[in-house]
Amino acid sequence: MHKAVRGMRNAGGNLSDRLREALEEEIVTGALEPGARLEEVALAARFAVSRTPIREALHQLAAAGLIDVRPRRGAFVAEIGPRRLVEMFEVMAELEGLCARLAARRADPVAIADIRAAHEACTRAAETKDVDAYYYRNETFHERIRAAARNAFALEQATTLQRRLRPYRRLQLRARGRVAASFGEHEAIMAAIERGDAEAAGQAMRDHVVIQGERFVDLLASLA
């Protein structure tokens, strides 16, 4: 079985989700190049699984915009150029900033406690420098802030774009020092939400998500 999914049957996770993550990783790192064709039979043989979870994983990747499914031709890795990637992160930063601002205004004590718990889980992952663990805890932190915003449309739009950018956000964390920096940014977001400072929460979240300057160069270097 492929090393990225080895043992997943015993791990209790969803097989199609694990396969999607493995393929995401290969797409964003260039192991699967833009335009590469993804054949179910070949992928099933490579990962030593049946075609059903492969098909489900490909549906997830298509929904996230990472692959294109062409009628009568099959599935192909989508092309996302640097300019498009920056534009997507800009929109994501605004959506996440809006959610943080609304959360600072609308979160009740239970929601704030949930966000704090997610932040503390990030603390443990950051201290151990476990990038993968931090990535998942980071997702939960953002998810709880979106939920606390109490705006279903903003939640829907942010979640859709987050899925599209998931592998790139994951790759960002591998830059040297990025986990520590990300955690420090979480501290500022958390503090602003707890004191009800909507503008500070929104600005801190926008700064946390957007990629520009050295962060963008680091991401491009990782993609290369």
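Residues numbered from 1 in each chain as written. Predicted model: local features only at pLDDT ≥ 70, side-chain atom pairs only at ≥ 80, totals over all residues. Heavy atoms only, no water.

Asks: Just checking my understanding: could you explain the sheet that holds strand 3 (residues 74-77) for this structure?
Replies: Sheet strands pair by backbone hydrogen bonding; their relative direction is either parallel or antiparallel. Pairing in this open sheet of 3 strands is antiparallel, and the strands run 1-3-2 from one edge to the other. Here the strands that pair on one side only, and so sit at the sheet edges, are strand 1 (37-38) and strand 2 (67-70). In the sheet, strand 2 pairs with strand 3 via 4 bridges, with the strands oriented antiparallel. Along strand 3, the bridge assignment pairs Ile67 with Val77. (Pairing = 2+ DSSP bridges. Helix = DSSP H or I, 4+ residues; strand = E, 2+ residues; numbered from the N terminus.)

Asks: Looking at this structure, I do not really get the packing of helix 7 (residues 131-148) against helix 10 (residues 198-209). What am I missing?
Replies: Two packed helices can be described by the angle between their axes and the distance between those axes. Look at helix 7 against helix 10: their axes get within 14 Å of each other, and the N-to-C directions meet at 145 degrees. Classified by chirality, the crossing of helix 10 by helix 7 is left-handed. Contact residues: Asn138, His142 and Ile145 in helix 7; Met205, His208 and Val209 in helix 10. (Axes fitted to C-alpha atoms, helices over the stretch in contact; angles between N-to-C directions. Left-handed = near helix turned anticlockwise from the far one by under 90°. Contact = heavy atoms within 4.5 Å.)

Asks: I'm lost on the layout of surface pockets in this one. Help?
Replies: With a probe scaled to a water molecule rolled over the atoms, the places where space remains empty come into view. Considering only enclosed or pocket space, the second largest pocket measures out at about 190 Å³ in volume. Arg37, Leu38, Glu39, Glu40, Arg55, Leu58, His59, Val69, Arg73, Gly74 and Ala75 together form the lining of the second largest pocket. Among the secondary structure elements, those contributing two or more residues to the lining of the second largest pocket are strand 1, helix 4 (51-63) and strand 3. In terms of residue count, helix 4 provides more of the lining of the second largest pocket than any other element does, 3 residues in total. Here the lining of the second largest pocket is built from residues that sort into 4 nonpolar, 2 polar and 5 charged. (1 Å grid on protein atoms, 1.4 Å probe; cavity = no way out; pocket = protein on both sides within 12 Å on 5 of 7 lines; lining within 4 Å. Points joined across faces, edges and corners; volume = space filled by probe spheres on them. Nonpolar A, V, L, I, M, F, W, Y, C, P; charged D, E, K, R; others polar.)

Asks: Would you explain the packing of helix 6 (residues 109-127) against helix 7 in this entry?
Replies: It is at 8 Å that the axes of helix 6 and helix 7 come closest, and there the two elements cross at 165 degrees. As judged from the angle between their axes, helix 6 and helix 7 are roughly antiparallel. Our pair here, helix 6 against helix 7, has a crossing hand that is left-handed. Residues Ala111, Asp114, Ile115, Ala117, Ala118, His119, Ala121, Cys122, Ala125 and Ala126 of helix 6 form the contact with helix 7, whose participating residues are Ala133, Tyr134, Arg137, Asn138, Thr140, Phe141, Arg144, Ile145 and Ala148. (Parallel < 35°, antiparallel > 145°, perpendicular 65-115°, else oblique.)

Asks: What exactly am I supposed to notice about the pattern of salt bridges here?
Replies: Between side chains of opposite charge, a pair can form when the charged atoms approach closely. Under the counting rule described, the total for this entry stands at 18 salt bridges. We note a salt bridge from Arg174 to Asp132, for which the minimum N-O separation is 3.9 Å. Note that Arg174 is positioned in the loop between helix 8 (152-172) and helix 9 (178-194) and Asp132 in helix 7, a separation of 42 residues in sequence. The class for Arg174 is partly exposed, based on a relative accessible area of 39%. Measuring nitrogen to oxygen at the nearest pair gives 3.2 Å for the salt bridge that ties Arg166 to Glu139. With Arg166 in helix 8 and Glu139 in helix 7, this residue pair connects regions lying 27 residues apart in the sequence. Within the structure, one salt-bridge network assembled from shared partners comprises Glu21, Glu25, Asp132, Arg170 and Arg174. (Salt bridge = Lys/Arg side-chain N within 4 Å of Asp/Glu carboxyl O. Buried < 20%, exposed > 50% of the residue type's maximum accessible area, 1.4 Å probe, protein only.)

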